[in-house]
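Residues per chain are reported as follows:
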Amino acid sequence: MASTSSLSPDRGVRPRIAVVDLDMAYGGLVIQRNLSFTVRPAEIFVVMGGSGCGKSTLLRHLVGLKAPARGDVLYDGQSLWTVDPAEREDMMRRVGVVYQSNALWSSLTLSENVALLLEEFTDLGEGEIRDAAALKLALVGLAGFEDYYPSEVSGGMAKRAGLARALALDPEILFLDEPSTGLDPISARLLDDLILDLRDGLGTTVVVVTHDLASIQAIGDNSVFLDTETKTMMAHGDPKALLADPPHPRVRAFLHRESVSR
Amino acid sequence: MAAADPRRLYLPGDIEGPQGGGMTGTIATGASAATPGRPPWEVTVERLGHDACLVRLAGSWRLRDHLPRAAEVLRTSGSAPGVRRLTFDTAQLGAWDTGLLTFIRHLIEESERAGIEVDHTGLPVDVERLLALASTVPTHLMAPEPARLPWLGRAGTAVVDTGTAAVEVLTFVGEACAAFAGLFTGRVKIRWSQFGPLLHEVGVRALPIITLVGTLVGLILAFGAAVQLRQLGVQIFVADLVGISVSQEVGALITAIILAGRTGAAFAAQLGSMQVNEEIDALTTAGIPPVQFLVLPRMLALILMTPLLTIYTDLFGMVGGGLVAVTVLDLSLTTYVTRLIQVVTMTDFLMGLVRASVFGVLIALAGCLRGMQCGRSASGVGLATTSAVVTSIVLTIIADGLLSMIFSVLRL
């Protein structure tokens, strides 16, 4: 690890997620190595770094979509990658994911997108499910759009619908992959506020993968910076502290939007 | 100035000839009768001292001006013995765009390859700045060199890849079988709101094309034999020919090929684009197995519909045969139908339906498998679709051959 900030806030509270010596690779192509960090309950944790550094790949490892080349991911101390698949599926039920491309199920309406999870994993009746789905959509400002299909709403609305779906089962941990992609600054800001409100209101732990500097500073409690060149984490800590005192010129360049000599 | 022939390049021989001035003179000019009044491009190469050349660029240097190739200019100037240095004079340069940049960039590359030093001082400041921008590539953005493996390594990689692909196929087939088993034990539920539209799409909407193709195939079969049958005076056998071949084999085969192209391809494209949109990832992380939610209803719809559509194809194949019987072979409709009822047995139909069921399973598997294997790009969806059709048709033909052998062993 290149540099772990002295502000690394790993002491005391039991971590909700712990990443231990994680190596990520596609076949022989190593994306990142030696990733180790923890996410505490109810904090907003930002995974940042330039394009192509492996942020989204890290997210795929965290949500059980891709097995690590080495190392492990622990949820409340329980290993994600050494348990059997059925148990992993149970662990994943405590998790909500908002994908970069929204990934709304295109053949279902917004309401059905939220309701599908409630139908599959709860004993609620049809009316209760409909009400619960309407509430989740209202929480993200989409009341009245229940019967629209994903292709009929704007990018920002689809993003929020994706968030509503991720919240369907009241997850303990919420993952967001590049939430501000394709959003105008005002919509992106609204989404940030929404994430803060949900964290404060529901106590959800949030992991956000992003390179949106404004968003990083607005919502991040803790962060990790993945570097493309050294293929490992170059900084870890409160993004505001990293902004004030960057441990490496490339972290500084990223956070201060500086041009790097080519 | 040699402006008589527009856009002509004078190669070294020409310079010695018409110009007669050794290395001094116009190499080429873009003068064109079509653009009077606007300065054309012009490049002149002059010898400076004993080891240098001056490239003088003048006029308009834009992409649409049919610019000369750098290599040709260099051949005239650089191939002269003793040239070690190239300088530019752009005082007379008019309008320019990336056409000029491309020309100069090539000229510099070619010169450096020939060991000629290039002096940039004569170039306009903007050109110089853009060239600098184009030539600096950040190190970390350069694509890594793909490792070149020795033949043993390549053979090993091929074996491992084949093994991985085989495991993928087996896993998919296993998951699909488990989903079907779950359907019978009640562990897996079909969402009827999704299944109904699928049945409609696979079955009802295929009827027009099946009607057309089925009739035409019956017609073609009957036509092919009509002349011979008439020569032998056994026109009535057209009913035997069409009835038996269509009900036993041709009906099922034609239906399968139509469904492979229509439905198998559609399944691959639908599942492929869901893969691209991360919809399948979203199902997986939500704990809903994609095979149960997406693949099972599609396979079920196709497996149910293939035999039903085959019966329909059989019917229209016989209608097609009937058209030829009545119009070309002068048989009465009653005679044709009576003969059909006499010769076509239930076994013939059942053989066709067994074939159709097997084809349905294969097309559904191939279509869904290729969709699920799709990469994460638009071109991946195209490849998945093509691959689904090819796999379905190949599997269908192989299965048809095997079933024919089995039926003949069973003396059916």
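Residues numbered from 1 in each chain as written. Chains lettered and ligands numbered in written order. Predicted model: local features only at pLDDT ≥ 70, side-chain atom pairs only at ≥ 80, totals over all residues.

J.: What is the right way to look at the overall build of chain A in this model?
T.: Each helix and strand in chain A was counted, giving nine helices and ten strands. Expected size for 262 residues packed as a compact globule is a radius of gyration near 18 Å; at 18 Å, chain A falls within 12% of this value. With the C-alpha coordinates of chain A rotated into their principal frame, the extents come out at 55 × 45 × 40 Å. The burial tally for chain A puts 43% of its 262 residues in the buried class. (Helix = DSSP H or I, 4+ residues; strand = E, 2+ residues; numbered from the N terminus. Rg over C-alpha atoms; globule rule 2.2 N^0.38 Å. Buried ≥ 20, exposed ≤ 12 C-beta atoms within 10 Å, placed from the backbone.)

J.: I tried to follow the overall build of chain B on my own but got confused; where do I start?
T.: Secondary structure summary: chain B contains 13 helices and six strands in total. Counting every position in chain B, which comprises 412 residues, the buried fraction comes to 38%. Expressed as a percentage of contacts within chain B between residues at least 6 apart in sequence, the contacts between residues at least 24 apart total 79%. (Contact = placed C-beta atoms within 7 Å.)

J.: Before we go on, may I ask you to explain the interface of chain B and chain A in this structure?
T.: Quoted interface sizes are often the accessible area lost when the parts come together. On the side of chain A, 20 residues touch chain B, which itself brings 14 residues to the contact. Among the elements that make up the side of chain B that touches chain A, the one with the highest residue count is helix α9 (residues 279-285) of chain B (five residues). Within the side of chain B that touches chain A, the residues separate by chemical class into four nonpolar, seven polar and three charged. (Nonpolar A, V, L, I, M, F, W, Y, C, P; charged D, E, K, R; others polar.)

J.: Looking at this model, I keep getting lost on the confidence of the model for chain A. Mind explaining?
T.: Regions with low pLDDT carry predicted coordinates that are not meant to be interpreted in detail. Residue and element names in this part refer to chain A. Within chain A, residue pLDDT values average 87, and 94% of them lie at 70 or more. Confidence scores differ between elements of chain A, with helix α2 (residues 85-92) showing the lowest mean pLDDT of 82 and strand β8 (residues 205-209) the highest of 95. Throughout residues 1-10 the model reports pLDDT below 50, and contacts reaching past four residues in sequence, or to other chains, amount to 26 contacts. (pLDDT = per-residue confidence, 0-100.)

J.: I would appreciate a short explanation of unusual backbone geometry in the present structure.
T.: A negative phi holds for most residues other than glycine; trans holds for most peptide bonds. All names here are of chain A. For Asp 21, which is not glycine, the phi torsion reads 45° and is therefore positive. Of note, Asp 21 is situated in strand β1 (residues 17-26). Positive phi, close to 60°, is recorded for Ala 42, a residue that is not glycine. Looking at where Ala 42 falls in the secondary structure, it is placed in the loop between β2 (29-39) and β3 (44-49). With 16 C-beta atoms packed within 10 Å, Ala 42 lands in the partly exposed category.

J.: Mind showing me how you'd approach helix α8 (residues 237-276) of chain B here?
T.: Since there are 3.6 residues in each turn of an α-helix, residues three or four apart along the chain are aligned in direction. All names here are of chain B. Compared with the 58 Å implied by 1.5 Å per residue over 40 residues, the 54 Å span of α8 between its first and last C-alpha is a close match. Maximum bend of α8: about 65°, positioned at Val 246. Backbone geometry just after α8 places Glu 278 at a positive phi near 65°. (Expected span 1.5 Å × (residues − 1). Bend = angle between axes of the 7 residues up to and from the residue.)

J.: Is there a simple way to think about the nonpolar core in this case?
T.: For soluble globular proteins, the rule of thumb is that nonpolar side chains tend to be buried together. In terms of nonpolar packing, the biggest core is built from 141 residues, with Leu 137 and Phe 175 of chain A touching the most fellow members. Of the residues forming this core, the biggest block, 16 residues, is contributed by α8 of chain B. With near-sequence residues (within four places) excluded, Leu 137 of chain A lies in contact with Leu 110, Ser 111, Val 114, Leu 142, Ala 143, Phe 145, Glu 146, Ala 161 and Ala 164 of chain A. If you look at the next biggest cluster of nonpolar residues, it comprises 23 residues, including Phe 88, Phe 103, Ile 104 and Val 127 of chain B. (Core = buried A, V, L, I, M, F, W, Y, C linked by C-beta atoms within 7 Å.)

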